[in-house]
Amino acid sequence: MNSDVILFENVSKFYGEVLGVNKVNLHIPSGITSLVGPNGSGKTTLMNLMTGLVHPGSGKITVRGISPFAPEKLMRIMGYATQYDAAPRGVTGYDFVLAGLLLYGYAPGEAEKRAWKAIETVSLTQSAERKVAAYSKGMRQRIRLAQAIAHEPQVLILDEPLNGLDPLVRAETIAMFRNYASEGRHVILSSHVLQEVDVFSDQVILIANGMILAEGEIKNVREEIHEHPSQFLLHCQEPSRVAAMLFEGGQVTEVKLDPQGRGVLVLTRQRDAFAEAIERIALSGIEIDGVIPTDENVDALYEYLIGGGR
Amino acid sequence: MSPLAQIWTIAKLEIGRAFFSRRALWVYLLALFPAVIFIGHGLDAKIKRDRWTGRSIASPVAIDSLSPGMSPEQVIEKVGNPQDNRTWQGRHRVESKDNDKVIIEKTEMRSMFYFDGTRRNDLRFENGKLNRISKNQFVSFEEDRKVYAAVFQYFYLRLAIFFGCLGIFINLFRGEMLDKSLHFWFLAPVRRDVLLLGKYCAGLIAASVIFGSGALISFCAMVGFQDPTQIQSYSQGEAAIHLGWYVLSAVLGCVGYGSVFLAAGLLLRNPIIPAVVVLLWESINGFLPDLLQKLSVLHYLQSICPIPAPVDDNVPPVLRMILSPAAPSSAWVAILGLLAFTALVLFAATHAIRRLEINYGTE
Ligand SMILES: Nc1ncnc2c1ncn2[C@@H]1O[C@H](COP(=O)(O)OP(=O)(O)OP(=O)(O)O)[C@@H](O)[C@H]1O
Ligand SMILES: [Mg+2]
C-alpha cells in the first residue's frame, strides 16, 4: 500500500543533546519535493535519516516500503548525492562513479558504459580521468550527482544540488529532475531559499529548528505561510470574558489564559480581523492595556522562508 | 549479486589503499626489520669467513687430533702454519715467604689460530706447551635458529605484526571517517556486515603479504648464510616445515590482530587507546586464568611457532611469565582457537558497524 511513498512516522533524532529533527511526520509522494529551511534547520538530518546514514532516536521511516536499515535493498532503488564534499582518497571522477556501479553488481563492461553515460549527463566527460580531489566545487557537486544517478534510481535524494552550479548546468540539471519526476520517481532536494526551487517543485516541505512548518503543494504552502499563526499577549481586565468573546468571534485559532496571570494568550491567522475584534471589545467597555506580539523570531523566520516574491 | 561476490568487489576496490595507506607506510619498516638484521648478521659472517678462507685452511681432522702438552713445533708439523701467531710474556708476582722480597715470575705465552672452514680454533701455549684449545663454530646454526626464534616471537609477533595490523586495520574505517568518505560505502547496496568483511579481506591480504614476506625473507636470510653443508641437510629436512609454520603464524597473527583492530577502529576514535589496552592484555595474559588466556592472539601464535623462543635462566620469574605462553596448545588446537577468536571479534564488529552513523560535519 505504502510502497510508493516515503513515510516518516513521528521521527525524532538528537545528536547527543543537540536537536536534529523533532517529531517529524511526513508523507512524500513521488515527484519533485523540495526541503527548504535555513542553515541548521535539519534538512541534511532528514535526508541522512531516509538514507540510513543516521538512525532515528524514535519513530519509524520507510522508503517505498523499505527500511533504511536494509541498505542492500534500499540502495538498489536509491541514489543520494550528499552534502559531504569528500570522495575516497586518490580516486578519479570516473573511478568514483564506476566503484558505485561495481558495488551495485553490474558486470565491468556494463558498469563502464553506465559510468560514462552518467558522467556525460553532468557534462564532466572532459575531466573524468582527473582526481576528484583536484576538482572545483561545482565539479565535485556534479560528480556526486553523476554517482547518484548512474544506476537510474527510483528515489533520488540530493542535498543542495544546485549549489555552485553555473546557470547552464543548473538548467540542464533541473530539466533532468523534471524528467525523472515525470517517470514517477521520487526526486527530493534541499535548498535554503524557496524561490530557488518553487518553480519546478511539485511539493515543498518547510523546515526550521528541526520541525516541519508546512508541507504540500507550493500554492497551499505559500498561503499557509502567509497566514501562519502569530501569537499575542493581550493585557486586559477580565481575561476570561475577553477569551470567551474572542473565541465566539472566530478570528482566533487558539485562546488561553496566560499562566502568569498577565492576561490572555492568543494564536491567530487573521491579524486584521483580530485587530477589529479587539477594537470591538474595547468599545464594549473592557479595558485593554496592550497587545504584544510574543513570537517575533518565528515571524522573522516565516518572513525569511517566504522570501520576497509571492 | 551474492554477498561473497560483493565481499570480493569491496576487497578489490580497497586493496590498493590497504597496501599504500599514507598513514601506514611505516608498516613496511617493521616487516623488513628482522630481514635487515639477519642479512646484516649473515653478511658480516660471510665477510669474516671469506677473509679467513682466503688464507690456508687447516684440516679439521688434524686439529681434532691435537692434545694438550704438545709443543708449537709439533703442532705446526701436524696442522701446518697457523693463520695467526702471537707470542708474549706473562708476568705475575709471587709473594716470597722471606720478608719483603717480591719475585716476578715470567711465562712465555703463545697463541696460534687456525680456521678449518667452519670453526675458529684458538690454541694457547704456556711455556712451550699446548694447554688450551677452544673451538668455536664460526656461524653457529643452532644459535642462529634460537636467535631467530627469539626475534620472531619477541619482536615480530609481539610488536611488528601487532603495530603493523594496528596501522593497516584501524585505518580501514577510522581513516575514512577522518577523510569524511565513509558514507560512500554506506550508500552502496551492500549489507553493513558484508562491507565489514570486504574491508577486512583487503586489510588481511595486504597485511599477510607484507608480514608473510617479511617472515619469509628473514628466514631465508638466516638460513642462507649458514655453512653450505648445513643448509643442504636442513633444507632436505625440516627447513620447509619450519618456514611454513613461521609464515603461517605471521599470517595468523594478521588474522587475529587484524580483527581486533578493525573492531577497535569502529568503536574508538583514538588508536592509542586500543593499542595500549591490547598490548597490556597480551602482556598480563600469562597471569590470567586458563579461560581468559584463550582470548589472546599471542597465546595461540606462540603455540604454533616451531622452535620455542629461548628464555634465559637469569630472567626473573615475573618476566618469564610475560614472555612465555603459559600452557602451549597443540598446533591445530591453536589454529582453530585463533580462528574461533577472530570469528567472535568480527561478529562483535558487525554489531558495531550496523549501529554506526555518519557523524562528521558537512563543511
Ligand atoms: N553530526 C552531528 N553532531 C552534532 N550535531 C549535529 C550533527 N549533524 C547535525 N547536527 C545538528 O543538527 C541540526 C540540524 O543540522 P542539519 O545538518 O540537518 O541542518 P541543515 O538544514 O542541513 O543545514 P545546512 O543548510 O547548513 O546544510 C543542527 O543544529 C546541527 O548543528
Ligand atoms: Mg545540510
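Residues numbered from 1 in each chain as written. Chains lettered and ligands numbered in written order. Predicted model: local features only at pLDDT ≥ 70, side-chain atom pairs only at ≥ 80, totals over all residues. Heavy atoms only, no water.

Asker: What am I meant to see in the overall build of chain A here?
Answerer: Broken down by element type, chain A carries 11 helices and 13 strands. For chain A, the spread of C-alpha atoms along the three principal axes comes to 85 × 40 × 35 Å. Split into buried and exposed, the 310 residues of chain A put 53% on the buried side. Taking all contacts inside chain A whose residues are at least 6 apart in sequence as the whole, residues at least 24 apart take part in 66%. Carbon and sulfur atoms make up 51% of the accessible area of chain A, which amounts to about 14000 Å² in all. With 29 positive and 37 negative side-chain charges, chain A shows a separation of 8 Å between the mean positions of the two kinds. (Helix = DSSP H or I, 4+ residues; strand = E, 2+ residues; numbered from the N terminus. Buried < 20%, exposed > 50% of the residue type's maximum accessible area, 1.4 Å probe, protein only. Contact = heavy atoms within 4.5 Å. Areas by Shrake-Rupley, 256 points an atom, 1.4 Å probe, with all protein chains shown as cover. Lys, Arg positive; Asp, Glu negative; His and termini not counted. Charge placed at Lys NZ, Arg CZ, Asp CG, Glu CD.)

Asker: Where do I start with the domain arrangement of chain B in this structure?
Answerer: Frequently, the measure chosen for interface size is the accessible area that the parts lose on association. Splitting chain B by domain gives domain 1 (3–48 + 140–362) and domain 2 (54–137). One C-alpha centre belongs to domain 1 of chain B, the other to domain 2 of chain B, and the line joining them spans 51 Å. (Domains from an automatic or database assignment.)

Asker: Which parts of the structure should I look at to understand the site of ligand 1?
Answerer: Around ligand 1 lies a shell of 16 residues, among which Gly40, Lys43, Thr44, Thr45 and His192 of chain A are the nearest. Lying at an intersection of chains, ligand 1 is approached by residues of chains A and B. The side chain of glutamate 160 of chain A places a nitrogen or oxygen atom 3.3 Å from an oxygen atom of ligand 1. Asparagine 359 of chain B is positioned such that a nitrogen or oxygen atom in its backbone is 3.2 Å from a nitrogen atom of ligand 1. Here ligand 1, which alone exposes 630 Å², has 71% of that area covered by the protein. The set of elements that each furnish at least two residues to the shell around ligand 1 consists of strand S2 (18–28) and helix H1 (43–51) of chain A. (Near = heavy atom within 4 Å. Polar contact = N/O pair within 3.5 Å; in protein donor to acceptor, adjacent residues only side chain to side chain.)

Asker: Looking at this structure, I do not really get the interface of chain B and chain A. What am I missing?
Answerer: Tallying the contact residues gives 29 residues for chain B and 28 residues for chain A. The junction of chain B with chain A conceals about 2600 Å² of combined surface from both sides, 64% of it contributed by carbon and sulfur atoms. Run the count over chain B and chain A and you get one salt bridge. Between lysine 13 of chain A and glutamate 357 of chain B there is a salt bridge, and its shortest N-O distance comes to 2.9 Å. Here chain B and chain A share six residue pairs in polar contact (both at pLDDT 80 or more) between them. For the side of chain B that touches chain A, the elements supplying multiple residues, two or more each, are helix H1 (3–19), helix H6 (182–186) and helix H14 (331–355) of chain B. Residue contributions to the side of chain B that touches chain A peak at five residues, all from H1 of chain B. Tallied by class, residues from the side of chain B that touches chain A come to 13 nonpolar, six polar and 10 charged. (Buried area = accessible area lost by both parts, 1.4 Å probe. Salt bridge = Lys/Arg side-chain N within 4 Å of Asp/Glu carboxyl O. Nonpolar A, V, L, I, M, F, W, Y, C, P; charged D, E, K, R; others polar.)

Asker: What should I look at first to understand a nonpolar patch on the surface in this one?
Answerer: Residue and element names in this part refer to chain B. A contiguous nonpolar surface patch, about 580 Å² in accessible area, is contributed by Leu32, Val36, Ile39, Leu43, Ile47, Leu216 and Ile217. At five residues, helix H2 (residues 27–54) tops the list of elements feeding residues into the nonpolar patch. Take isoleucine 47: it is sitting in helix H2. (Patch = residues over 30% accessible without salt bridge, like charges linked within 9 Å, V, L, I, M, F, W, Y side chains within 5 Å.)

Asker: What should I look at first to understand the coordination of the magnesium ion (ligand 2) in this one?
Answerer: Four donors placed tetrahedrally around a metal ideally meet at 109.5 degrees, and six donors placed octahedrally ideally meet at 90 or 180 degrees. Binding of the magnesium ion (ligand 2) to the protein goes through Thr44 of chain A (OG1) and Gln83 of chain A (OE1), at separations of 1.8 to 2.3 Å. Of the two residues, threonine 44 of chain A sits in helix H1 while glutamine 83 of chain A sits in the loop between strand S5 (78–81) and helix H3 (93–104), which places them 39 residues apart along the sequence. (Donors = N, O, S within 2.8 Å, 3.2 Å for Na, K, Ca; no water.)

Asker: Honestly, the pattern of salt bridges in this entry has me stumped. Any pointers?
Answerer: Any two side chains of opposite charge can pair if their charged atoms end up close together. The final tally for this structure, using the stated rule, is 21 salt bridges over all chains. A salt bridge links glutamate 110 of chain A to lysine 113 of chain A; its shortest N-O distance comes to 3.7 Å. Here glutamate 110 of chain A pairs with lysine 113 of chain A, and both are found in helix H4 (residues 108–121), just three residues apart, close to one helical turn. A salt bridge links lysine 199 of chain B to glutamate 14 of chain B; its shortest N-O distance comes to 3.1 Å. Residue lysine 199 of chain B is found in helix H7 (residues 192–224), and its partner glutamate 14 of chain B is found in helix H1; the two are separated by 185 residues along the sequence. By relative accessible area, lysine 199 of chain B is classed as buried at 0%. Through salt bridges with shared partners, a single ionic network connects Glu110, Lys113, Arg114, Lys117 and Glu152 of chain A.

Asker: What am I meant to see in the domain arrangement of chain A here?
Answerer: Each domain of chain A was delimited in the assignment, giving domain 1 (6–216) and domain 2 (224–307). Measuring from the centre of the C-alpha atoms in domain 1 of chain A to the corresponding centre in domain 2 of chain A gives 41 Å.

Asker: Would you explain the environment of asparagine 163 of chain A in this entry?
Answerer: All names here are of chain A. Counting through the fold element by element, asparagine 163 comes out in the loop between strand S6 (155–158) and helix H6 (167–182). Look at asparagine 163 and you get partly exposed, because its relative accessible area is 34%. For asparagine 163 and glutamine 83, which are 80 residues apart along the polypeptide, the C-alpha to C-alpha distance reads 9.7 Å. In terms of polar contacts, asparagine 163 uses its side chain to reach the side chain of glutamate 160, at 3.0 Å.

Asker: Please clarify how the confidence of the model for chain A should be interpreted in this entry.
Answerer: Detailed reading of predicted coordinates is not advised where the pLDDT is low. Model confidence for chain A is summarised by a mean pLDDT of 87, while 93% of its residues fall at 70 or above. Within chain A, S6 of chain A carries the highest mean pLDDT (96), whereas helix H11 (residues 296–306) of chain A carries the lowest (63). (pLDDT = per-residue confidence, 0-100.)

Asker: What's the story with the side chain of arginine 142 of chain A in this structure? I'm lost.
Answerer: Inspection of the secondary structure assignment puts arginine 142 of chain A in helix H5 (residues 137–149). With no salt bridge to any partner, buried arginine 142 of chain A finds its closest opposite charge in aspartate 166 of chain A, at an N-O distance of 4.4 Å.

Asker: Hey, could you run me through the side chain of histidine 151 of chain A in this one?
Answerer: Residues and elements named next belong to chain A. Within the secondary structure layout, histidine 151 lies in the loop between H5 and S6. For histidine 151, the side chain forms a polar contact with the main-chain oxygen of methionine 75, separated by 3.5 Å. Engagement of the side chain of histidine 151 in a polar contact is seen with the backbone oxygen of methionine 78, the distance being 2.8 Å. The residues touching histidine 151, leaving out its near neighbours within four places in the chain, are Met75, Arg76, Met78, Gly79, Leu101, Tyr104, Tyr106 and Arg114.

Asker: Explain the environment of glutamate 287 of chain A to me, please; I cannot follow it from the model alone.
Answerer: All names here are of chain A. Topologically, glutamate 287 is positioned in the loop between helix H10 (271–283) and strand S13 (288–293). Expressed as a C-alpha distance, the spacing of glutamate 287 and glutamine 237, which sit 50 residues apart in the sequence, is 5.8 Å. The residues touching glutamate 287, leaving out its near neighbours within four places in the chain, are Cys236 and Gln237.

Asker: Sorry, what's going on with the nonpolar core here?
Answerer: As a rule of thumb, nonpolar side chains are buried together in soluble globular proteins. Of all hydrophobic cores here, the largest spans 161 residues; its most connected members are Phe8 and Phe177 of chain A together with Tyr156, Phe169, Phe173 and Tyr257 of chain B. The dominant element in this core, judged by the number of residues it contributes, is helix H5 (residues 141–179) of chain B, at 19 residues. Apart from residues no more than four positions distant in its own chain, tyrosine 156 of chain B is found in contact with Leu30, Ala31, Pro34, Val151, Ile161, Ile210, Phe211, Gly214, Ala215 and Ala250 of chain B. (Core = buried A, V, L, I, M, F, W, Y, C linked by side-chain atoms within 4.5 Å.)

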